[in-house]
Structures are given as structure tokens and as C-alpha cells.
Amino acid sequence: MIEFRGVQKHFGHFHVLKDIHLHIEEGEVVVIIGPSGSGKSTLLRCINRLETITEGELVVSGIPLHQKKVDINLFRRDIGMVFQHFNLYPHKKVIDNITLAPMKVRKQPKEQAAATAMKYLTRVGIADKADSYPSQLSGGQQQRVAIARGLAMEPKIMLFDEPTSALDPEMIGEVLDVMRSLAHNGMTMVVVTHEMGFAREVADRVIFMDEGRIVEEANATEFFDNPREERAQQFLSRLI
Ligand code: ADP
Ligand code: MG
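Rules behind the numbers
Sequence order as written defines residue numbering, which begins from 1 separately in each chain. Just so you know, chain letters begin at A and ligand numbers begin at 1, following the order they were written in. Reporting of local features is limited, given that this is a predicted model, to residues whose pLDDT is at least 70; pairs of side-chain atoms are given and counted only at 80 or more, and all residues count toward the totals for whole chains, interfaces and linings. Excluded from the side-chain calculations are hydrogens and water; all other atoms, namely the structure's heavy atoms, are used. UniProt positions are given in the numbering used here, feature names are shortened, and annotations may be inferred rather than shown by experiment. The way it works is a 1 Å grid over only the protein atoms, where trapped points that fit a 1.4 Å probe form a cavity and open points with protein on both sides within 12 Å along at least five of seven lines form a pocket, and then any residue with an atom within 4 Å of a point lines it. Grid points are joined across faces, edges and corners, and a volume is the space filled by probe spheres set on the points. We count a stretch as a helix when DSSP gives it H or I for four or more residues in a row; a strand needs E for two or more, and each element gets its number in order from the N terminus. Polar here means any residue outside two lists: the nonpolar Ala, Val, Leu, Ile, Met, Phe, Trp, Tyr, Cys and Pro, and the charged Asp, Glu, Lys and Arg; Gly therefore counts as polar. Strands are treated as partners if at least two bridges between them are detected by DSSP.

Looking at an unreviewed UniProt entry, one finds the chain named Glutamine transport system ATP-binding protein, with Paenibacillus xylanexedens as its source organism. The record held by UniProt for the chain lists under Sequence similarities (unreviewed entry) the comment "Belongs to the ABC transporter superfamily."

Colleague: Could you clarify how one ought to interpret the layout of surface pockets in this entry?
Modeller: Empty pockets left among the atoms are what a rolling probe the size of a water molecule brings to light. There is about 690 Å³ of room inside the largest pocket. Around the largest pocket, the lining is made up of 20 residues, and of these I79, M81, A101, R149 and M153 lie nearest the centre. Where the lining of the largest pocket is concerned, the elements lending two or more residues are α2 (72–76), β6 (79–82), α3 (94–104) and α5 (139–151). It is α3 that provides the largest number of residues to the lining of the largest pocket, a total of 4 residues. Across the lining of the largest pocket, the residue classes tally to 10 nonpolar, 6 polar and 4 charged.

Colleague: Got a minute to help me understand the sheet that holds strand β1 (residues 2–11) in this structure?
Modeller: Within the open sheet, the 4 strands sit side by side as β2-β1-β4-β5. Their pairing is antiparallel. Pairing within the sheet leaves two strands with one partner each, and these edge strands are β2 (14–24) and β5 (63–64).

This is the structure in C-alpha cells:
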């Protein structure tokens with residue numbers, strides 16, 4: 001589903017991703033961890049081409065993103081992304097936040113888009129908030145709306161960039177529950193998070209990044225119980 005081969009990414013003279021090799025299968029849940037500034041967000045943003053790579057090859061859902069002639073809009077439909085800040089439209093009702101992209105990008109009729117929106121609002125447990133405005137919702141509820149919005153495009157891959165980092169502690173669990181259920185239903189997911197309990201429980205694989213490189217890659221149990229690399233050991237020991 002996702003394949004990085006020798007990917008390099010520069011911002012001007014700054015070398016942010018260094019020789020990334022990464023292979024993610026359909027239905028896999030991969031968690032990326034690492035210190036701030038290590039390139040986690042940039043790696044995620046390359047997958048839906050919010051960033052273009054400087055060198056190497058990157059194939060996502062069968063599409064070679066390193067080639068110039070890529071229909072980005074066609075491609076982006078297949079990928080949902082959830083950010084730390086939910087980026088909902090404040091002046092639109094919850095349901096209209098969700099139907100917007102399916103109507104515009106997928107040309108769905110309003111009734112069909114609304115039915116799909118309700119299906120995913122139900123899935124994330126807030127169907128009763130369809131007619132509310134984002135400001136009337138808690139942070140956890142707003143993030144669940146953002147997840148429903150991503151799912152309404154019926155993507156093949158969901159990317160999450162620190163989806164719980166801006167939430168009050170009591171709201172983190174409800175968002176992680178939704179993500180856990182998505183994972184169990186077979187969604188291909190790449191998740192940047194500092195929630196190590198979630199990573200240990202849900203991830204098929206953990207990728208540890210430092211200074212733009214993948215320093216360690218292991219299954220979750222192996223990584224948390226027995227990290228091989230010193231930098232990973234230090235990172236984990238600081239969290240406990
Ligand atoms: P992380 O998500 O692991 O904290 P990022 O991928 O956001 O790391 O950033 C990695 C490095 O790249 C940081 O040093 C950051 O300052 C730099 N960086 C990120 N985006 C840009 C950009 N658009 N222009 C220049 N430098 C950037
Ligand atoms: Mg980041």
C-alpha cells in the first residue's frame with residue numbers, strides 16, 4: 001500500500017528525511033514515534049503529497065508519487081488525514097463539515113453525502129451532534145468529527161498526526177477508542193503519536209525516527225520490551 005525506497009527530502013539546505021525505506025501492507029497499523037523535529041510529520045505529509053520528495057521513490061496505493069504526472073486530486077481521495085488541530089469550519093454545522101468534500105470532490109448528491117456522513121458520525125459515536133456547530137463540541141468530539149470527515153471519503157489509508165496531542169487528558173481515550181476500532185476493522189493506518197499504551201496495543205509495527213532517519217523498526221512488543229538502539233532506549237526511558 002505504501003512503499004518508500006531511498007527517499008530523501010530537503011527543505012532548502014536542510015536535509016529532513018534521510019534515506020527512508022519503508023514498506024506498509026494493506027491493513028497494517030504502523031505507529032511512528034520519535035523526538036520533536038525528527039521528521040515524523042514530514043514523512044506523513046509525503047504520503048499524501050502535501051510535501052514532495054527530493055529523491056528516491058514513493059509509491060502509494062499503486063501510484064508512483066515521485067513521477068511528475070500524477071493526478072493529485074484523484075489520488076488524495078484515497079487518503080484521509082487527521083491533524084492535531086481539527087481544522088473544522090467553525091461557521092458550518094458538523095454534518096456540513098463532513099458532506100463538503102464528498103459533494104465537491106466525489107460529486108455526491110447532497111442526500112447521499114448526508115447519509116454517508118450520518119453513517120460515520122454514528123460510527124464515531126456522535127450522531128446526535130450532526131446539527132451542532134464545532135464550537136458547541138468538546139475537543140474530543142471535534143476530533144471525532146474530523147475522523148468521521150476523513151472516513152466519509154471512504155479512503156484506503158488513514159494518516160494521523162498526533163491526533164490527541166491538543167486534547168485534555170480526559171478526552172484522549174474516546175479518540176483512541178475510535179482509532180482502535182478502525183484498526184480492528186482492517187483500515188491501513190499510519191499514526192504519529194506519543195500515546196505509548198495505544199502504540200503497544202494497536203500497532204503491528206513501530207517505527208522510531210531520530211534526526212530524519214528511521215533508527216529502529218520492530219513489532220510493538222519487541223520494540224517496547226526490548227528496544228535495540230540506544231537512542232530508542234533513551235527516548236523510552238524519558239517517557240516513563
Ligand atoms: P516532527 O513531526 O518529528 O516534529 P517535522 O517533520 O515537523 O518533525 O520537522 C522536521 C524538521 O523539518 C524540523 O527541524 C522542522 O523545523 C523542519 N521543517 C518542517 N517543515 C518545514 C518547512 N516547511 N520548511 C523548512 N523546514 C521545515
Ligand atoms: Mg510533527
